[in-house]
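# Coordinate analysis (summary)
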Amino acid sequence: MGFYGGAYGLIAYLIASFTLVVALYIIFTGSGTQFNPGAFLEDTSPYAWALTGVALNIGLSVIGAGWGIWITGASILGAGVRAPRITAKNLISVIFCEVVGVYGVIGSIVFSSKLTSSATQATLYTAANYYTGYSLFWGGLTMGACNLLCGIAVGISGSNAALADAADPSLFVKILVIEVFSSILGLFGLIVGLLVSGKAAEFA
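Residues numbered from 1 in each chain as written. Predicted model: local features only at pLDDT ≥ 70, side-chain atom pairs only at ≥ 80, totals over all residues. Heavy atoms only, no water.

Going by an unreviewed UniProt entry, the chain carries the name V-ATPase proteolipid subunit C-like domain-containing protein and comes from Leucosporidium creatinivorum. As stated in UniProt under Subunit (unreviewed entry), the record for the chain gives "V-ATPase is a heteromultimeric enzyme composed of a peripheral catalytic V1 complex (components A to H) attached to an integral membrane V0 proton pore complex (components: a, c, c', c'', d, e, f and VOA1). The decameric c-ring forms the proton-conducting pore, and is composed of eight proteolipid subunits c, one subunit c' and one subunit c''." One UniProt comment on the chain, placed under Sequence similarities (unreviewed entry), says "Belongs to the V-ATPase proteolipid subunit family." (UniProt positions renumbered as here; feature names shortened; annotations may be inferred.)

## Description of the UniProt feature "domain: V-ATPase proteolipid subunit C-like" (unreviewed entry) in the chain
Per the UniProt record, "domain: V-ATPase proteolipid subunit C-like" (unreviewed entry) is found at residues 53-110 and 138-195. With 93% helix and 0% strand, residues 53-110 has its two end C-alpha atoms placed 12 Å apart. With 93% helix and 0% strand, residues 138-195 has end C-alpha atoms that lie 11 Å from one another. (Helix = DSSP H or I, 4+ residues; strand = E, 2+ residues; numbered from the N terminus.)

## A word on helix α5 (residues 91-112)
With 22 residues, α5 extends 32 Å from end C-alpha to end C-alpha; this agrees with the ideal 32 Å at 1.5 Å per step. Listing the buried residues of α5 in full gives Ser93, Phe96, Cys97, Val100, Gly101, Tyr103, Gly104, Gly107, Ser108 and Phe111. Down the axis of α5, the sector holding all buried residues measures 145°, keeping them to one side. In this structure, the buried residues of α5 make contact with α3 (46-82), α7 (127-167) and α8 (172-198). (Expected span 1.5 Å × (residues − 1). Buried < 20%, exposed > 50% of the residue type's maximum accessible area, 1.4 Å probe, protein only. Arc of directions from axis to C-beta. Contact = heavy atoms within 4.5 Å.)

As structure tokens, then:
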């Protein structure tokens, strides 16, 4: 743990140092106006924001589902060697992980429905299109991050459920309740993501 913590700290230190050097170079060479986040937000196409949000939504959700299946599946297979009876009923943990990916698919389909029309260069940069682009971006990021963490939580609780079931069958239902609450986190992300993007109109 100490090695990985030190490695991550070193990486963070190098990134912060590089950023500081670049920022000081820009300031002292008289070109500080090149660092303009507002211009970046205005010049980037609203379609780019929207499509990035959709990609983050489905991508992070699938990563979370795969990560959770990897964690719980390894424990089910490992514990199933000593106690084969647990393999069938513990597949519910894998299903819970897969539902996390389904949340991402549902959100991406809803978001994609707002990308129906193709605006021209003259009508693309409007307030309504900016609102739609930013809403889909932040809604997708919120939903994807929630599903990523949900998949990991379900995977860990499902792994412990399999190991506990192998040791004592009476513990399975008790730990399954914890796993259900872990899977609800992804549903919260789906609801919040849909609420964030709910008032966004289609691109005009």
